[in-house]
Amino acid sequence: MSAETRGSGRTSRKGGRSGNPVSRFFRALSLFVSQILDELRKVVRPTRAELVNYTIVVIVFVVFVMALVSSVDFGFTKLVLWVFGG
């Protein structure tokens, strides 16, 4: 098995430096954009019900963490005022 046939499927770099830098740049940019579009076609978008469910879960979690942090902050405030007098 030669170096060109194994690996990630990329072509050999022997001929990769042909053309002027501007045309290479636009070729690379075109390849980049086409790869982005290929990846975006693979994205699975959630249904409306899933989106509502995920949103509710996030809101409940944020409210829970806010309540936890607020109660810990309130407790530390009372503790510091008790220790140092206030």
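Our subject is the structure that appears above.
Right, let's walk through the structure included here. Bear in mind that the values here come from a model prediction, so they are computed numbers and not experimental data. (Residues numbered from 1 in each chain as written. Predicted model: local features only at pLDDT ≥ 70, side-chain atom pairs only at ≥ 80, totals over all residues. Heavy atoms only, no water.)

Side note on the overall build of the protein chain
Here comes step 1: When helices and strands are counted, the protein chain shows 2 helices and 0 strands.
Here comes step 2: Buried positions account for 0% of the 86 residues belonging to the protein chain.
Here comes step 3: In the structure as shown, the protein chain presents an accessible area of about 8,300 Å², 69% of it carried by carbon and sulfur atoms. (Helix = DSSP H or I, 4+ residues; strand = E, 2+ residues; numbered from the N terminus. Buried < 20%, exposed > 50% of the residue type's maximum accessible area, 1.4 Å probe, protein only. Areas by Shrake-Rupley, 256 points an atom, 1.4 Å probe, with all protein chains shown as cover.)

A few points about the packing of aromatic side chains
The description of two aromatic rings rests on the distance between their centres and on the angle between their planes.
Here comes step 1: If you walk through the whole model with that rule in mind, you get 1 aromatic pair.
Here comes step 2: Centre to centre, the rings of Phe25 and Phe26 are 5.3 Å apart; their planes meet at 70°, and the pair counts as edge-to-face. (Phe/Tyr/Trp six-rings, centres within 6.5 Å; stacked < 30°, edge-to-face > 60°.)

Concerning the pattern of salt bridges
Here comes step 1: Per the stated rule, a full pass over the model turns up 2 salt bridges.
Here comes step 2: Here Asp38 ties to Arg41 by a salt bridge, and the two come within 2.7 Å at their closest N and O atoms. Taken together, the residues span about one helical turn, with Asp38 and Arg41 both in helix H1 (residues 21-41) at a distance of 3 residues.
Here comes step 3: We classify Arg41 as exposed; its relative accessible area is 61%.
Here comes step 4: Linking Glu39 and Lys42 is a salt bridge whose minimum nitrogen-to-oxygen distance equals 3.2 Å.
Here comes step 5: What makes Glu39 partly exposed here is its relative accessible area of 47%.
Here comes step 6: Under the relative-accessibility criterion, Lys42 is labelled exposed at 58%. (Salt bridge = Lys/Arg side-chain N within 4 Å of Asp/Glu carboxyl O.)

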